[in-house]
Amino acid sequence: MPVVTVTGASGAIVPVTVNGAAAFSLAQFYAASINGLAATGQLFGANLVPGSSPASVPGGQTGEGVISTAGTYAFPEGYSYITNVATAPVTINEGLTSSSTSVLAGTGGTTLFGGAGGGLFIAGGGNNLFEGAGSGSYSIATSNGNDSIYGGAGNDLIQDGTGRNQVSTGTGNDTVFSQGTDQVSVGSGNNIVALTGSSSTVFGGSGALLLVDAGKNNVFYGNTGSTLLFDGSSGSYYLSGNSTVIGGSSDTVAASGNTTVFGGVNTSTFENGTGSLAFIAKSSASATVGGSAQGASIFGASGADITYLSATGVSYLMASGGNETLNGSLSTGSLELFGGGGNASLTGGSGADTLAAGSGNNTLTGGNGSGNLFMFSNGQAGGNATISDFGSAAGNLVGLFGYGANEVQAALATASSTNTGGSIIKLSDNTTITFSNLSVDQLKAHSSQFFSN
């Protein structure tokens, strides 16, 4: 087991077992401070007894109390350090102290009631409890036990261990490094929480939160505060306030406030409230996205495969310059889909959708909705587009914008058959449009559904 040694009463060497990397690192700092004072003759050490007051610290010296037996202790007035090596539970109350204090505890389990001066609390093992008081700011590190840490109004640094821990940040601006399977409750301050364990639950507060999830299967429930979230793996995140999300892997995000999501790999994102949603896809990744009544703005990426669901509102799906799929076939709201410069596949839903071809080789499928508009704009098209289902629903239109009033007549005059029984026309900017489900005769029969300007 990792052990640090500190100087105790009358120069005795006191070994303290400290598990956990963060706790051990702080314990080494603690030991160096104590041993440095002892080496220069500035340390006054005393063995503490429950219910008794130790001797006063002489002038010009720093006091250290050493606990070796279980019991309840008041932090001695005038002392700065307590080293606890008891093998059974100990309670320490710093409520009467106003200066900064430092406590190093071994593996017996320690309850520490903090004081107004703040300080350092290191627990090397066992099940520990810390409860902050007043505005004192603490650095806290625990080990492999099941610990409970409740911050006060100070700005705390909390590094818990690998057990099942409960952490509450209080009203200060705190930073929490969570390694275990924890429950973390964020208060009203502006907080940072970093997760490296698994199956933890974080509850947001009214302050701003930066949540970095480097673990797996963790859950976050947002509150009214804003959130900047870096997803983990297979996590679930329920956001309430205005949020920005950087996606992880196989995660689910459900939001109700205004949310911007930078997608991860195999992620699901749903806007369930009245907020707006902007989703930016990750290259070569798949995602499922659901918009709200406000609709959503979806930005594709090279190699991305996005399935979009929306019941109401108007949503915008924009391809990038790569080869990608934007699929709104399950949507009932109105979609506006824009092709890019790559080989994009755009699919509408059951609403009245607009599908705008880009400069690449775009495949446009209107879906089940009536009144779909297949849009080509002079100067923004120029590629080879395929419309897979023109005329399958009533009211479908082809709009040629910026080409002039005679473009429809000129384009239909170029109609020819494809090898698969479809038809193809060419526009004046060299854009080609293939109608894979219509022969030349069938295409011309739909000429009234074309317009240009």
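How each quantity is defined
Counting restarts for each chain, with residues numbered from 1 along the sequence as it is written. Only residues with pLDDT of at least 70 are given local features in this predicted model, and only at 80 or more are side-chain atom pairs given and counted; all residues enter the totals for whole chains, interfaces and linings. As a convention, hydrogens and water are excluded, and side-chain values are obtained from all of the structure's heavy atoms. Only protein chains enter the calculation, and the probe is 1.4 Å; a residue is then buried if its accessible area is under 20% of its type maximum, exposed if over 50%, and partly exposed in between. Where helices and strands are cited, they refer to DSSP runs of H or I of at least four residues and of E of at least two residues respectively, numbered from the N terminus. Pairing between strands requires that DSSP locate at least two bridges from one strand to the other. Take the buried Ala, Val, Leu, Ile, Met, Phe, Trp, Tyr and Cys residues and link them wherever side-chain atoms come within 4.5 Å; each set so joined is a nonpolar core. Contact definition: two residues touch when any of their heavy atoms are within 4.5 Å.

Concerning the pairing of strand β22 (residues 227-230)
In the case of a regular strand, side chains alternate between the two sheet surfaces.
Then step 1. Side chains Thr227 and Leu229 of β22 all project onto a buried face; the interleaved residues Leu228 and Phe230 project onto a face where none is buried.
Then step 2. The sheet contact formed by strand β20 (residues 209-213) and β22 spans four bridges and is parallel. By the bridge assignment, Leu211 is partnered in β22 with Leu229.
Then step 3. Across four bridges, β22 lies against strand β24 (residues 243-246) in parallel orientation. Within β24, the position partnered with Thr227 by the bridge is Ser243.

Quick notes on the nonpolar core
Then step 1. Residues Val193, Phe376, Ile387, Val398, Ile425, Phe435 and Phe450 are the most contacted members of the largest nonpolar core, which totals 78 residues.
Then step 2. The leading source of residues in this core is helix α2 (residues 407-412), at three residues.
Then step 3. The residues touching Ile425, leaving out its near neighbours within four places in the chain, are Ala411, Leu412, Thr414, Ala415, Thr431, Thr432, Ile433, Phe435, Leu443 and Phe450.
Then step 4. Val14, Ala23, Ala27 and Leu37 belong to the second largest nonpolar core, which has 18 residues in total.

Focus on unusual backbone geometry
With the exception of glycine, the majority of residues adopt a negative phi angle, and the majority of peptide bonds are in the trans configuration.
Then step 1. Located in the positive-phi region is Ser10, a residue other than glycine, with phi close to 55°.
Then step 2. Classification of Ser10 by relative accessible area gives exposed; the value is 82%.
Then step 3. For Ser234, which is not glycine, the phi dihedral falls at a positive 55°.

Thoughts on the pairing of strand β34 (residues 334-338)
Then step 1. Burial along β34 is one-sided: Leu335 and Leu337 are buried, while Ser334, Glu336 and Phe338, pointing the other way, are not.
Then step 2. Inspection of the sheet shows strand β32 (residues 314-318) paired to β34 by five bridges, in the parallel sense. Bridging from a neighbouring strand, Leu317 pairs with Leu337 of β34.
Then step 3. By the bridge criterion, three bridges tie β34 to strand β36 (residues 354-356) in an arrangement that is parallel. Pairing of Glu336 across the sheet is with Thr354, part of β36.

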